[in-house]
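As a plain string of letters, each chain reads:
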Amino acid sequence: MDNMVRQVLESRKITFHEDELPPEGLGHNKALHITVQCEDYFITRILIDRGSSLNICPLVTLKKLGRGLHEIKDGSINVKAFDGSQRSIIGEISLCLQMGTTWFDVDFQVIDMPTSYNLLLGRPWIHIAGAVASTLYQAVKFEWNH
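Predicted, not measured: the structure shown is a model, and the values here were computed from it. (Residues numbered from 1 in each chain as written. Predicted model: local features only at pLDDT ≥ 70, side-chain atom pairs only at ≥ 80, totals over all residues. Heavy atoms only, no water.)

This part is about the pairing of strand β2 (residues 41-48). When strand β1 (residues 33-38) meets β2, the two strands line up antiparallel, connected through 5 bridges. Directly across from V36, in β2, lies its bridge partner I43. From the end of β1 to the start of β2, which pair antiparallel, there are 2 residues, and E39 there has a positive phi angle of about 55 degrees. One ladder, built from 3 bridges, connects β2 with strand β9 (residues 119-121); its direction is parallel. Looking across to β9, one finds that I46 is bridged to L119. (Pairing = 2+ DSSP bridges. Helix = DSSP H or I, 4+ residues; strand = E, 2+ residues; numbered from the N terminus.)

Take unusual backbone geometry next. Backbone geometry places R45, a non-glycine residue, at a positive phi of 55 degrees. Tracing the sequence through the fold places R45 in strand β2. Taking relative accessible area as the criterion, R45 reaches 42% and is therefore assigned partly exposed. One non-glycine residue with positive phi stands out, namely Q138, at about 55 degrees. Along the chain, Q138 turns up in the loop between β10 (132-134) and β11 (139-141). Residue classification places Q138 among the partly exposed positions, given a relative accessible area of 24%. (Buried < 20%, exposed > 50% of the residue type's maximum accessible area, 1.4 Å probe, protein only.)

One pass over the structure, following the stated rule, counts 5 salt bridges. Here K30 and E24 are joined by a salt bridge, their closest N and O atoms 2.9 Å apart. Given the relative accessible area of 42%, E24 is considered partly exposed. For E92, the salt bridge identified is with K73, shortest N-O distance 3.9 Å. A residue pair is termed long-range when its members are at least 10 positions apart, and E92 in strand β7 (residues 91-99) and K73 in strand β4 (residues 73-74) qualify at 19 residues. Accessibility expressed as a relative area gives 23% for E92, which makes it partly exposed. Through salt bridges with shared partners, a single network forms among E39, R67 and E71. (Salt bridge = Lys/Arg side-chain N within 4 Å of Asp/Glu carboxyl O.)

Put into structure tokens, the structure is as follows:
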């Protein structure tokens, strides 16, 4: 492989470095939470969960964003909660989230149950964004428009 091609390929790698570790170092056991902007609101406690096959929006978060039930599209799937129980979703809604200078239209399944997060970004968002999430480094990285 010629040197120029190698440099381009190597420059497009997503990596994490030791100096990016949180102050606790390797000893922490935190879930990965981020903050994003949605319209005029900053949403904290957004859980990045590679184990989730859905993006989840609790109804209480939707209400805090000033969004009404009339904006939710019908949906009729059941989801399995962290405690193993089956829950019905209310429906689906698309929210526009800003992360850094990048905007994502994300489809969320809306649920009405108490959660420890304000939004959950699962594999559907992770895959579309081409994101690499690291609970160890407490960071999510993605390449967007080079």
